[in-house]
Amino acid sequence: MRERLPNRRASETFEIYAFELRFTLSVSKYPDGRPAEIFTTNHRATSAAGIMASDAAIAASLALQFGCPVDVLRKALSRDSQGNATSPLGVALDLIAKGDGT
């Protein structure tokens, strides 16, 4: 069952860098503090990187709203040989999980 957010909710916005590109993320949480939705834009919103990052964030938001834990998403995404997230969504989820993103 999809757990919807209230129509009015606070969001936190922050910037990250991935693939040497800047991305702006907005994250909203449920009243209990769990992340519920993520929106991502690139400085060039119509670029391939911007479109893919935005689509990934929408898919992640739906997964979160259907009950997927943020750690499950984080661990499923690509990492480099040192264990660092390589995608914009991975970087964002790592920050959210550490409490640095919001």
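The preceding data block contains the structure.
The paragraphs below set out a description of the structure included in this document. None of the values given here were measured: they were computed from a predicted structure.

### A look at the overall build of the protein chain
Move 1: Secondary structure assignment for the protein chain yields three helices and three strands.
Move 2: Listing each helix as α and each strand as β along the protein chain from the N terminus yields β-β-β-α-α-α.
Move 3: Here the protein chain has a C-alpha radius of gyration of 13 Å; the compact-globule value for 102 residues is 13 Å, and the two agree.
Move 4: The 102 residues of the protein chain split such that 36% are buried.
Move 5: Put simply, of all contacts in the protein chain between residues at least 6 apart along the chain, 42% involve residues at least 24 apart.
Move 6: When the accessible surface of the protein chain is totalled, it reaches about 6300 Å², and 53% of it is carbon and sulfur.
Move 7: Counting 12 positive and 11 negative side-chain charges, the protein chain places the centres of these two groups 4 Å from one another.

### Describing helix α1 (residues 48-65)
Move 1: In a regular helix each residue adds 1.5 Å, so 18 residues correspond to 26 Å; α1 covers 26 Å between its end C-alpha atoms and thus fits that length.
Move 2: Packed against the buried residues of α1 are β2 (21-29), β3 (35-42), α2 (70-76) and α3 (88-98).
Move 3: One or two steps after α1, the chain reaches Gly-67, where phi turns positive at roughly 100°.

### Observations regarding the nonpolar core
Move 1: Counting residues in each nonpolar core, the largest one holds 19 residues, and the members touching the most others are Phe-14, Ile-16, Phe-23, Leu-25, Ile-38, Leu-93 and Ile-96.
Move 2: Secondary-structure elements contributing two or more residues to this core are β1 (11-18), β2, α1, α2 and α3.
Move 3: By residue number, the principal contributor to this core is α3, which donates five residues.
Move 4: With residues up to four places along the chain from it excluded, the contact list for Leu-25 reads Glu-12, Thr-13, Phe-14, Ile-16, Ile-38, Phe-39, Thr-40 and Ala-92.

### Some remarks on the pairing of β1
Move 1: In the sheet, β1 pairs with β2 via eight bridges, with the strands oriented antiparallel. Bridge pairing in β2 links Tyr-17 to Arg-22.
Move 2: Connecting β1 to the antiparallel partner β2 that follows it, the hairpin turn spans two residues, and Phe-19 within it adopts a positive phi of roughly 55°.

### A short note on unusual backbone geometry
Glycine aside, a negative phi is what most residues show, and trans is what most peptide bonds show.
Move 1: Positive phi values are uncommon outside glycine, yet Phe-19 reaches one of about 55°.
Move 2: Its place among the elements puts Phe-19 in the loop between β1 and β2.
Move 3: Of note in this structure, Glu-20 is not a glycine but carries a positive phi near 60°.
Move 4: Tracing the sequence through the fold places Glu-20 in the loop between β1 and β2.

Rules and cut-offs
- Residues numbered from 1 in each chain as written.
- Predicted model: local features only at pLDDT ≥ 70, side-chain atom pairs only at ≥ 80, totals over all residues.
- Heavy atoms only, no water.
- Helix = DSSP H or I, 4+ residues; strand = E, 2+ residues; numbered from the N terminus.
- Rg over C-alpha atoms; globule rule 2.2 N^0.38 Å.
- Buried < 20%, exposed > 50% of the residue type's maximum accessible area, 1.4 Å probe, protein only.
- Contact = heavy atoms within 4.5 Å.
- Areas by Shrake-Rupley, 256 points an atom, 1.4 Å probe, with all protein chains shown as cover.
- Lys, Arg positive; Asp, Glu negative; His and termini not counted.
- Charge placed at Lys NZ, Arg CZ, Asp CG, Glu CD.
- Expected span 1.5 Å × (residues − 1).
- Core = buried A, V, L, I, M, F, W, Y, C linked by side-chain atoms within 4.5 Å.
- Pairing = 2+ DSSP bridges.

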